[in-house]
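# Observations on the three-dimensional arrangement
So the chains spell out like this:
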Amino acid sequence: MPAIDDSSGITESKTPAPMDIRGRRFDWGSRTYVMAIINATWDSFSGDGVGDDQDKIRELATEAQGSGADFIDVGGESTRPGAAPVSAADEINLIIPAIHTVRAASDLPISVDTYKAEVAREALDAGADIVNDVWGLRRDPAMASLVAEAGCALIVMHNRRAGATKGSIGGHYREVAYDDLVQDIVEDLEAGLALAVDAGIDTGKVVIDPGFGFGKSPAQNVELLSQLSQLRSLGLPILVGVSRKSFIGYAMGDGDADRTAGAAAATALAIGAGADIIRVHDVRPMVQVARVADAIVRESFTPRS
């Protein structure tokens, strides 16, 4: 499996070094960490967008921390297949008040879900700690230098441009061309990591995300999950977001079904394959999934009274 050369700090089988974010230590491999989603948009594929309802955002942030989340991810632009793009100004108007609200309600690290450097800068100034770039530094040329200058943590996600469609399982990508799915994903992630290294970003602060639901057909998402462990070759923490994704409805054979159970199965398998962070909508049940999976996979079983 190809890898960034040793000068980047990334090696074939290296266990990711611990990461410190907002005074919290994340010791990768010790347990699975949980990232709670707050969609500060009205257009969310999962139907949980809260727009600029600050009372609801405060409620979600408080509930996430109380339910055992380790991070809170705030986004102001829908990334569902076929969603209309949002201007940087409109995204800022949604995200910045939301980040202020979350920061007042919680001391957890906050990630800002954006691919626009202008938005990321404002979010970091407002109290965010992590940039979660769904285009892996490959959409906005200014993003890498901004992250390097800020010295913040970074999530590099895999994505590919593709035509969206909508069917019985909801919005998804019907056909996306790959020569070798997992190999191509690794190579695309490496291209984003190379941009990070060239900009001077500390790779010890980088997390990778294979991008479930982004630029992949439902069948390709299933295939990716079955081969997720191959991404360990990059030597970086892995974030997985399968929560409520359309491929779960595809695998269940019922696009209208409640996907919580399906997401629990996919999440547990992702943890077994090496996921370090799970990005979720339903925090409390997925924290429980992570605890059970960790007890089995990481042998971290601790009886609770």
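Our subject is the structure that appears above.
In this report, the structure presented in the accompanying data block is examined.

Each value, and the rule that gives it
Residues numbered from 1 in each chain as written. Predicted model: local features only at pLDDT ≥ 70, side-chain atom pairs only at ≥ 80, totals over all residues. Heavy atoms only, no water. Helix = DSSP H or I, 4+ residues; strand = E, 2+ residues; numbered from the N terminus. Buried < 20%, exposed > 50% of the residue type's maximum accessible area, 1.4 Å probe, protein only. Contact = heavy atoms within 4.5 Å. Areas by Shrake-Rupley, 256 points an atom, 1.4 Å probe, with all protein chains shown as cover. Pairing = 2+ DSSP bridges. 1 Å grid on protein atoms, 1.4 Å probe; cavity = no way out; pocket = protein on both sides within 12 Å on 5 of 7 lines; lining within 4 Å. Points joined across faces, edges and corners; volume = space filled by probe spheres on them. Axes fitted to C-alpha atoms, helices over the stretch in contact; angles between N-to-C directions. Left-handed = near helix turned anticlockwise from the far one by under 90°. Nonpolar A, V, L, I, M, F, W, Y, C, P; charged D, E, K, R; others polar.

Below, the discussion takes up the overall build of the protein chain. On a plain count of helices and strands, the protein chain comes out with nine helices and 12 strands. Looking at the protein chain as a whole, 57% of its 305 residues qualify as buried. In the protein chain, of all internal contacts separated by at least 6 residues, the share reaching a separation of at least 24 is 70%. When the accessible surface of the protein chain is summed, it comes to about 12700 Å², and 48% of that surface belongs to carbon and sulfur atoms.

This paragraph deals with the pairing of strand S4 (residues 71-75). Among the five residues that make up S4, five are buried, leaving the element largely enclosed by the rest of the structure. Burial along S4 is two-sided: Phe 71, Asp 73 and Gly 75 facing one way and Ile 72 and Val 74 facing the other are all buried. Bridging between strand S3 (residues 33-39) and S4 involves five bridges; their strand directions are parallel. Looking at S4, one finds that Asn 39 is bridged to Gly 75. Examined bridge by bridge, S4 and strand S5 (residues 110-113) share four bridges and lie parallel to one another.

What follows concerns empty space enclosed by the protein. Throughout the structure, instances matching the rule amount to two cavities of 30 Å³ or more. Put simply, the largest cavity is a space of about 50 Å³. In terms of lining residues, the largest cavity is bounded by Met 19, Ile 21, Met 35, Phe 71, Ile 130, Ala 153, Leu 154, Ile 155, Lys 205, Val 207 and Ile 277. Mapped onto the lining of the largest cavity, the elements with two or more residues apiece are strand S1 (19-21) and strand S7 (153-157).

Looking now at the packing of helix H8 (residues 260-273) against helix H9 (residues 283-297). Across the interface, H8 lies against H9 with an axial gap of 9 Å and an inter-helix angle of 35 degrees. Here the hand of the crossing between H8 and H9 comes out right-handed. Where H8 abuts H9, its residues Thr 260, Ala 263, Ala 264, Thr 267, Ala 268, Ile 271 and Gly 272 lie against Met 286, Val 289, Ala 290, Ala 293, Asp 294 and Val 297. For the contact of H8 with H9, a count of residues per class yields nine nonpolar, three polar and one charged.

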